[in-house]
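So the chains spell out like this:
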Amino acid sequence: MSNAPSATAGVHAQYAAQVAADLEANRKEQQRIEAEMAVLQEKLGVLQKDCRVLENVQQVLETPDTPAPHAKKTSRKKQVPAQRVSRSGAAPAKSSAGSGTQAKAAKKTPKAAADKPGTPQDAPTLVELISAHLRQQSEPRSTAEITTALAQAHPERSIKTTVVRTTVEGLVAKGRAERTRQGNSVFYTAVAPAAKTSGTEQPQTPTD
């Protein structure tokens, strides 16, 4: 009978030791999993950040590019790119507008469109100013260059690039100016007036 309490105490001690070992193993397992979770959480954050960057790039690539206003106006005209006249004297290629384009440009030509309110009636019109300016140039000029030159020469007038472009296109439609292209840029030159022939040509008498 004396051996029963000692046997019970031995079993109790054995269970206590087993529980302590299991508890220690449980805590170590929790620490290991927590460490792995921290690493995985960090990786998840990096992946989420990369995902947002990739989504932004995808949206940019899927958004269609909006063509510039200048490109919209010139995309309908199929012309061979030409180089501007260099100082060595090389002439630019010339392109003529179609009859339909000429008619549209002629309709868009405003009547004294660039005249500033209050401009004297005897002052030259914008058409006259542009024609005179182009005749004085040795190289083709863009609408921006024409606008800058006229604005500096006539500061009292309100001269805008859009009005100059419409007016010079009207000159092209009337055959008083020519349009040339270099890449995506358009340039204009004056057209020399046709020489007038004097008298009537006499018919030649055929000879045997």
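Which residues make up the overall build of the chain, and what values do they have?
Per the secondary structure count, the chain includes 6 helices and 2 strands. Walking the chain from its N terminus toward its C terminus, one meets helices and strands in the order α-α-α-α-α-α-β-β. In the chain, which comprises 208 residues, the proportion classed as buried is 21%. A separation of at least 24 residues holds for 63% of the contacts in the chain among residues at least 6 apart in sequence. Accessible surface computed for the chain: about 16,000 Å², of which carbon and sulfur atoms make up 55%.

I'd love a proper account of the pattern of salt bridges, names of residues and values included.
Applying the stated criterion to the full structure yields 4 salt bridges. Across the pair Arg 32 and Glu 29 runs a salt bridge whose closest N-O atoms are separated by 2.3 Å. In this pair, Arg 32 and Glu 29 both sit in helix 1 (residues 3–62), 3 residues apart, roughly one turn of the helix.

Give me the environment of Leu 129: which residues, what numbers.
Counting through the fold element by element, Leu 129 comes out in helix 4 (residues 126–135). Setting aside chain neighbours within four positions, we find Leu 129 in contact with Pro 124, Leu 150, His 154 and Arg 157.

Give a detailed account of the packing of helix 4 against helix 5 (residues 143–153), specifying residues and quantitative values.
If you want to describe how two helices pack, look at the angle between their axes and the distance between the axes. Taken N-terminus to C-terminus, the directions of helix 4 and helix 5 make an angle of 110°; their axes are 11 Å apart at the nearest point. Taken together, helix 4 and helix 5 sit at an angle that is classed as roughly perpendicular. Between helix 4, through Leu 126, Leu 129, Ile 130, His 133 and Leu 134, and helix 5, the contact on the second element is made entirely by Ile 146, Ala 149 and Leu 150. When the residues that make up the contact of helix 4 with helix 5 are grouped by side-chain class, the tally is 7 nonpolar, 1 polar and no charged.

I'd like a rundown of the nonpolar core, residues and numbers included.
With 14 residues, the main nonpolar core has Ile 130, Leu 134, Ile 146, Leu 150 and Tyr 188 as its most contacted residues. Elements supplying a minimum of two residues to this core: helix 4, helix 5, helix 6 (161–173) and strand 2 (185–190). Beyond its immediate stretch of four places on either side in the chain, Ile 130 contacts Ile 146, Leu 150, Val 164, Thr 167, Val 168 and Leu 171.

Which residues make up the environment of Pro 140, and what are the values?
Inspection of the secondary structure puts Pro 140 in the loop between helix 4 and helix 5. Taking C-alpha positions, Pro 140 is 7.8 Å from Thr 180, a pair spaced 40 residues apart along the chain.

Just give me the short version of a nonpolar patch on the surface, but keep the residues and values in it.
On the surface, a nonpolar cluster with roughly 290 Å² of combined accessible area is contributed by Val 53, Val 57 and Leu 61. Within the element layout of this structure, Leu 61 appears in helix 1.

Tell me about helix 5, and please be specific about residues and values.
Residues spaced three or four apart along an α-helix face the same direction, because each turn holds 3.6 residues. Every buried residue belonging to helix 5 is among Thr 143, Ile 146, Thr 147 and Leu 150, and all of these are buried. Projected onto a plane normal to the axis of helix 5, the buried residues spread over an arc of 100° and lie on a single side. In this structure, the buried residues of helix 5 make contact with helix 4, helix 6 and strand 2.

Just give me the short version of the pairing of strand 2, but keep the residues and values in it.
Relative to strand 2, strand 1 (residues 177–182) is paired through 6 bridges, and the arrangement is antiparallel. Within strand 2, the position partnered with Arg 181 by the bridge is Val 186. Connecting strand 1 to the next strand, strand 2, in antiparallel fashion are 2 residues, including Gly 183 with a positive phi near 65°.

For helix 4, give the residues involved together with the corresponding values.
Listed in full, the buried residues belonging to helix 4 are Leu 126, Leu 129, Ile 130, Ser 131, His 133 and Leu 134. Where the residues of helix 4 are buried, they touch helix 5, helix 6, strand 1 and strand 2.

Break down the confidence of the model for the chain for me, with residues and values.
Per-residue confidence for the chain gives a mean pLDDT of 75; residues scoring 70 or more make up 62%. Per-element confidence in the chain ranges from a low mean pLDDT of 50 for helix 2 (residues 69–74) to a high of 94 for helix 5. Contacts for the low-pLDDT stretch residues 95–99, under 50 throughout, to residues beyond four places or in other chains number 5 contacts. Contacts of residues 109–118 to residues separated by more than four positions or lying in other chains number 16 contacts, the stretch itself having pLDDT below 50.

Let's hear about the packing of helix 4 against helix 6: which residues, and what values?
The contact between helix 4 and helix 6 brings their axes to 10 Å, and the two run at 75°. Regarding the angle of helix 4 to helix 6, the classification is roughly perpendicular. In this structure, helix 4 uses Leu 126, Val 127, Ile 130, Ser 131 and Leu 134 to contact helix 6, whose residues at the interface are Val 163, Val 164, Thr 167, Val 168 and Leu 171. Class assignment of the residues belonging to the contact of helix 4 with helix 6 gives a composition of 8 nonpolar, 2 polar and no charged.

Reading the values: the criteria
- Residues numbered from 1 in each chain as written.
- Predicted model: local features only at pLDDT ≥ 70, side-chain atom pairs only at ≥ 80, totals over all residues.
- Heavy atoms only, no water.
- Helix = DSSP H or I, 4+ residues; strand = E, 2+ residues; numbered from the N terminus.
- Buried < 20%, exposed > 50% of the residue type's maximum accessible area, 1.4 Å probe, protein only.
- Contact = heavy atoms within 4.5 Å.
- Areas by Shrake-Rupley, 256 points an atom, 1.4 Å probe, with all protein chains shown as cover.
- Salt bridge = Lys/Arg side-chain N within 4 Å of Asp/Glu carboxyl O.
- Axes fitted to C-alpha atoms, helices over the stretch in contact; angles between N-to-C directions.
- Parallel < 35°, antiparallel > 145°, perpendicular 65-115°, else oblique.
- Nonpolar A, V, L, I, M, F, W, Y, C, P; charged D, E, K, R; others polar.
- Core = buried A, V, L, I, M, F, W, Y, C linked by side-chain atoms within 4.5 Å.
- Patch = residues over 30% accessible without salt bridge, like charges linked within 9 Å, V, L, I, M, F, W, Y side chains within 5 Å.
- Arc of directions from axis to C-beta.
- Pairing = 2+ DSSP bridges.
- pLDDT = per-residue confidence, 0-100.

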